[in-house]
Every structure is written in structure tokens, then in C-alpha cells.
Amino acid sequence: MDTPNNNQSKGFFAAMTSGLSMFGNAMHRSVNGLLGYEGVEVINPEGGKDDAEEEAQRGRWKQEERDSYWNMMHKYIGSDVTSMVTLPVLIFEPMTMIQKMAELMEYSYLLDQADKCEDPYMRLVYASSWAISVYYAFQRTWKPFNPILGETYEMVNHGGITFIAEQVSHHPPMSAGHAENDHFTYDVTSKLKTKFLGNSLDIYPVGRTRVTLKRDGVVLDLVPPPTKVNNLIFGRTWVDSPGEMIMANLTTGDKVVLYFQPCGWFGAGRYEVDGYVYNAAEEPKILMTGKWNESLSYQPCDMEGEPLPGSELKEVWHVADAPANDKFQYTYFAHKINSFDTAPRKLLASDSRLRPDRLALEKGDLSKAGAEKSSLEERQRAEKREREAKGHKFIPRWFDMTDEITPTPWGDLEVYQYNGKYAEHKAHVDNSDNIEEVDVQSIEFNPWQYGNCSAE
């Protein structure tokens, strides 16, 4: 199909948007005729009725950048591009994937409440609300940096939590994390899979997330839904996570199932979450409803899932205020994660905060950020060649690989387990009077300093 001229195209798209009530399903159209690319769809997730051709051009890319990126990426359609493609730094945010893991800790008080709660069903209300709360931050459309093998992230000074994460594998890319305070422990092994679809990216959360509530030893298992990043190149980039989130109490058999509504045309259903807390016999006990970018509420229900007479809907979580017009759509907590205010007394040189590419991007120096990113990636490749030449195998410092292989809806996962050494390290640092005080921002990033190796 030839590209229509401007007047024709405006009439065509105007007709489409004005006839929504009659031709809703007909709106599922591609812009390959307008832009010359196959399989690219346009949607305004915010519910506007802007001219669709103009909407197609509203991405963060300049035209020449968009064409160059498409020429580079179209050959990867259908592939997992987690680590096989070097991406331009202009699509990145100044944060790494293992820092992003720590964003789950923003509303950690909900897990504290779950631990204090005696009602087994309300425990799941609090804990699942904690799991939902991070999606407000996850709607950011900038890509975080892939961690270097052996890279770490430490966080203290938030809710009494000690958090440590480490990049434990490079191929496939895998991260492990552990957090703990007086009320809970949190353990995760993450091996994200992606599928590049041209103008969108499917992200499959291959991983295992476990929370242990300390008072009664209750163990909770979390399986999140997949995520889709839409309009990577053309149109407004936006994120959706349609599907089920399941949190199961492995101790009692109770569970909560929350359904993320998919975003329909012009934003219909976007952000909405609904579901129930079930007992071990799979009978509904509490209904939950809300929006993952605003708040969640709960209400006791009968066996049919209807609200109990005389009960009322009560809010359990509400999103915190966020900075206005923030360049990367960061929350105040995201800025806290990036700051050295949450760093421990003696920061590991492998910490993500110290990455020169991340620091340069945070300061707005894209040229330096790109050069530093390339330098780190080349150094990582050189370290791998040297390690393989010596017949050595990388061994993570803070996590041990177990023999456990756990199935997920998107593939099997090798499980890493926190080995407790970080707690020993931190206690030594905290209790030492002779630790030299240094400006943490002056530490040179060096994830290779701590990596252990053994002969194959």
C-alpha cells in the first residue's frame, strides 16, 4: 500500500476516531502503510483521541534515530534480546536491573503488617498489596542497565532493611537478591526472558520470589504476570502487565489470585486489578480491587464472592506522592535507591551506584555514558576470555547455586540461595573502629575485585 498524502491520511484517521462507537473492532489497524514497516500498531494508552498518524510519530526518537534503530533491530524480531544486542544509551535510565529489584522494598511496611497480622487471609491482603505496589515504578519505559557479572547493590537505612543483590550469571543473565528486617526475609532468583516483536517487547518474569514472615515462619511464594512494553519506536511507549498474579501461602495452602486487566482501546481497563483471597479449599474469603498505579482496597466476601452485608471496602495501600515532571519518571524512593544516603558504611566497589556509565547518564552526559558503557562491556568480555583461558568458573560471593531446579510458566529456573556471608561482612564493618572512612563517591567501580573463581 502506498503512503497516503497528508490530507488523505488526516481524513482517514479522523474517520476512524470519530466512528469508535460503531467500529470499535475496526480500530485494530497497523501503520505499515504510513511508515513503511510491517506489524506496527499504534495506541494512545492515556485515552486520548489524537490524530493517529501524529500519535505514531510521538515516540522519544528523532526520525533518523528511529530509522537507524529499526534497521539494526528488525532482524531480532522473535528473539530474546536480553543480552545479545548492544542498545543505544539514549533509551536507558540511570539505574541497573539489580537496583530495580530493590524498588520492591519501597512499601515494605506492608510485609511488616503481614507478619504482625494474626488473620491468615489479611496476611495475604497485606503481602499481595506489597507485591502490587511496585508496578507503579515498573511502568517507567526507560531500560535499566544490564548488570556486569559480579556487580552488586547494597541498601540500608530504609525500614530497618538490609538489602543485597548480585549478578550471579552473565549468560544467561541472572540476578539474586536478599532482604531482611525484624519481620521478614525476602529472597529472589531472577532470569528474565524477553521476546522482541518489532515495536513491542514481551518480558517473561522467569524467577522465584519467596517471602518468609518471621513470627510464625509462614512462607509465601509469588508468581507475577508477564509484562509487555508497547510502542518502543512509534507512538507513546507504555507498559502493561495483563494476566494473573498468584501469591500462595506454602505453609497453609491459602492463596490470593489477582487479575491485571489488559489495556483496551483508548485506555479502557488500564491499571485495574481485581481478585480474591482464597482459603486452602479454594473458597473466596476477601475480595480485592483497585488500580496498580493508585491504590488497593479489600472487603470480606461470601462463598459467591459477593461483599458481606454490613461490611465496607477499606483501602490497604495507596501510592506515595511522586516528583512532578521528573525526567525519568522516578519516584522519591527511586532517587533514594540511586543516592549514597542508602549506602552502607563501607560500600563494595562492585556496587551499581559507582558505575561510570550510570553516573554519566544521571548527569545528562549521553556521550560519556555511551563510551563508559562500551568500555565496561568490553572489559567484561576480556575478563571472560581470560577466565576461560585459565579454565576457571565464576562463583558469586553472596549467593550459592543450589541443586534445585524450579519450574515456572515460562521455563525452568536454577535457584540461587543467599549464603549469609553478607551479614557477616556487614557486622564486621559495623563493629570495626579501624575502618577507614572514605568518600564513597570516590570509589572506582570494580565488580571483578570480588569475584571468586575455581577450576572447572
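Residues numbered from 1 in each chain as written. Predicted model: local features only at pLDDT ≥ 70, side-chain atom pairs only at ≥ 80, totals over all residues. Heavy atoms only, no water.

Trainee: Just checking my understanding: could you explain the sheet that holds strand β6 (residues 184-190) for this structure?
Mentor: Backbone-to-backbone hydrogen bonds pair the strands of a sheet. The strands run either parallel or antiparallel. The strand order across the open sheet formed by 12 strands is β3-β4-β5-β6-β9-β10-β13-β14-β15-β16-β17-β18, and the pairing between neighbours is antiparallel. In this open sheet, the two strands that pair with only one neighbour each are β3 (152-155) and β18 (314-318). Across the sheet, the mean angle from the axis of one strand to that of its neighbour is 15°, orientation sign disregarded. In this structure, β6 lies alongside strand β9 (residues 207-213), joined through 7 bridges in antiparallel fashion. Residue Asp187 lies in a different strand from β9, and its bridge partner there is Arg210. In this fold helix α6 (residues 109-116) packs onto β6, β9 and β18, with an angle of close to 50° to the strand it touches most, β9. (Pairing = 2+ DSSP bridges. Helix = DSSP H or I, 4+ residues; strand = E, 2+ residues; numbered from the N terminus. Axes fitted to C-alpha atoms, helices over the stretch in contact; angles between N-to-C directions. Contact = heavy atoms within 4.5 Å.)

Trainee: Help me understand the side chain of Asp326 in this model?
Mentor: Position of Asp326 among the secondary structure elements: in the loop between β18 and α9 (332-338). Reaching out from Asp326, the side chain makes a polar contact with the side chain of His335 at a distance of 2.7 Å. (Polar contact = N/O pair within 3.5 Å; in protein donor to acceptor, adjacent residues only side chain to side chain.)

Trainee: Explain unusual backbone geometry to me, please; I cannot follow it from the model alone.
Mentor: Trans is the common state for peptide bonds, and a negative phi is the common state for residues other than glycine. At the junction of His171 and Pro172, the peptide bond is cis and its omega measures out at 0° in the coordinates. Looking at the element boundaries, Pro172 is found in the loop between β4 (162-169) and β5 (174-180). At Tyr271, a position not held by glycine, the phi torsion is positive, near 80°. If you trace the backbone, Tyr271 turns up in the loop between β14 (255-260) and β15 (272-278). Positive phi values are uncommon outside glycine, yet Asn325 reaches one of about 55°. Inspection of the secondary structure puts Asn325 in the loop between β18 and α9. Take Asn325: its relative accessible area is 80%, and that puts it in the exposed class. (Buried < 20%, exposed > 50% of the residue type's maximum accessible area, 1.4 Å probe, protein only.)

Trainee: I keep staring at the environment of Met155 and nothing clicks. Help me out?
Mentor: If you trace the backbone, Met155 turns up in strand β3. C-alpha of Met155 to C-alpha of Lys336: the two residues are 181 residues apart in sequence and 9.6 Å apart in space. Apart from the residues lying within four places of it in its own chain, the contact partners of Met155 are Ala102, Met105, Ile161, Thr162, Phe163, Phe333, Ile337, Thr342 and Arg353.

Trainee: What's the story with helix α7 (residues 120-133) in this structure? I'm lost.
Mentor: Side chains that are three or four residues apart share a direction in an α-helix, a result of its 3.6 residues per turn. Helix length check: α7 (14 residues) gives 20 Å between terminal C-alpha atoms against 20 Å at 1.5 Å per residue, within 8%. Here α7 lies mainly inside the structure; 12 of its 14 residues are buried. Every buried residue of α7 is listed here: Met122, Arg123, Leu124, Val125, Tyr126, Ala127, Ser128, Ser129, Trp130, Ala131, Ile132 and Ser133. Between a side-chain oxygen at the N-terminus of α7 and the backbone nitrogen of Tyr121 the separation is 2.8 Å; the capping residue is Asp119. (Expected span 1.5 Å × (residues − 1).)

Trainee: For this particular structure, what's the right way to read the packing of α6 against α7?
Mentor: Packed helix pairs are characterised by how far apart their axes lie and by the angle those axes make with each other. Where α6 contacts α7, the two axes come as close as 8 Å, and the packing angle between them is 165°. Viewed along their axes, α6 and α7 adopt a mutual orientation that is roughly antiparallel. Pair α6 / α7 crosses with left-handed handedness. Counting all contacts with α6, which are made through Leu110, Leu111, Gln113 and Ala114, the residues of α7 involved are Arg123, Tyr126, Ala127, Ser129 and Trp130. Considered class by class, the residues forming the contact of α6 with α7 number 6 nonpolar, 2 polar and 1 charged. (Parallel < 35°, antiparallel > 145°, perpendicular 65-115°, else oblique. Left-handed = near helix turned anticlockwise from the far one by under 90°. Nonpolar A, V, L, I, M, F, W, Y, C, P; charged D, E, K, R; others polar.)

Trainee: Help me out: how do you make sense of the sheet that holds strand β12 (residues 238-240) in this one?
Mentor: Taken together, the 4 strands give an open sheet; going across it, the order is β7-β8-β11-β12, and neighbouring strands pair in antiparallel fashion. Strands with a single pairing partner mark the edges of an open sheet, and in this sheet they are β7 (193-196) and β12. Averaged over all pairs of adjacent strands, the angle between their axes in this sheet comes to 20°, without regard to strand direction.

Trainee: Is there a simple way to think about the side chain of Asp221 in this case?
Mentor: Secondary-structure assignment places Asp221 in strand β10 (residues 218-223). Looking at Asp221, its side chain comes within polar contact range of the side chain of Arg210, at 2.7 Å. The residues contacting Asp221, other than those within four sequence positions of it, are Arg208, Thr209, Arg210, Ile246, Met247, Ala248 and Leu250.

Trainee: Quick question: what am I supposed to make of the packing of aromatic side chains here?
Mentor: Working definition: an aromatic ring pair is given by the centre-to-centre distance plus the angle between the planes. On inspection of all chains with the given rule, the structure shows 14 aromatic pairs. Judged by centre distance (6.3 Å) and plane angle (70°), the rings of Tyr107 and Tyr109 are edge-to-face. Among the aromatic residues, ring-to-ring pairing joins Tyr135, Phe138, Phe260, Tyr271 and Trp292 into one connected group. (Phe/Tyr/Trp six-rings, centres within 6.5 Å; stacked < 30°, edge-to-face > 60°.)

Trainee: So what exactly am I meant to see when it comes to the pairing of strand β16 (residues 284-291) here?
Mentor: Regular strands place side chains that alternate from one sheet face to the opposite one. Sheet topology note: the β15/β16 ladder contains 7 bridges and is antiparallel. Following the sheet pairing, Val277 is matched in β16 by Ile286. Where β15 hands over to β16, the hairpin turn is made up of 5 residues, of which Glu282 adopts a positive phi near 60°. Across 6 bridges, β16 lies against strand β17 (residues 295-300) in antiparallel orientation. From the neighbouring strand, Leu287 faces β17, where its bridge partner is Gln299. In sequence, β16 turns back onto β17 through a hairpin of 3 residues.

Trainee: Quick question: what am I supposed to make of the pattern of salt bridges here?
Mentor: In a structure, side chains of opposite charge can pair up when their charged atoms sit close to one another. Applying the stated criterion to the full structure yields 22 salt bridges. Among the ionic pairs, Lys191 bridges to Glu414, the shortest N-O distance being 3.3 Å. Residue Lys191 is located in the loop between β6 and β7, and its partner Glu414 is located in strand β21 (residues 411-418); the two are separated by 223 residues in the primary sequence. By relative accessible area, which is 24% here, Glu414 ends up partly exposed. The salt bridge partner of Arg358 is Glu362, with a shortest N-O separation of 3.3 Å. A residue pair is termed a helical-turn pair when its members lie 3 or 4 positions apart in one helix, as Arg358 and Glu362 do in helix α10 (residues 356-362) at 4 residues. Using a relative accessible area of 0% as the deciding quantity, one classes Arg358 as buried. Judged by its relative accessible area of 40%, Glu362 falls in the partly exposed class. (Salt bridge = Lys/Arg side-chain N within 4 Å of Asp/Glu carboxyl O.)

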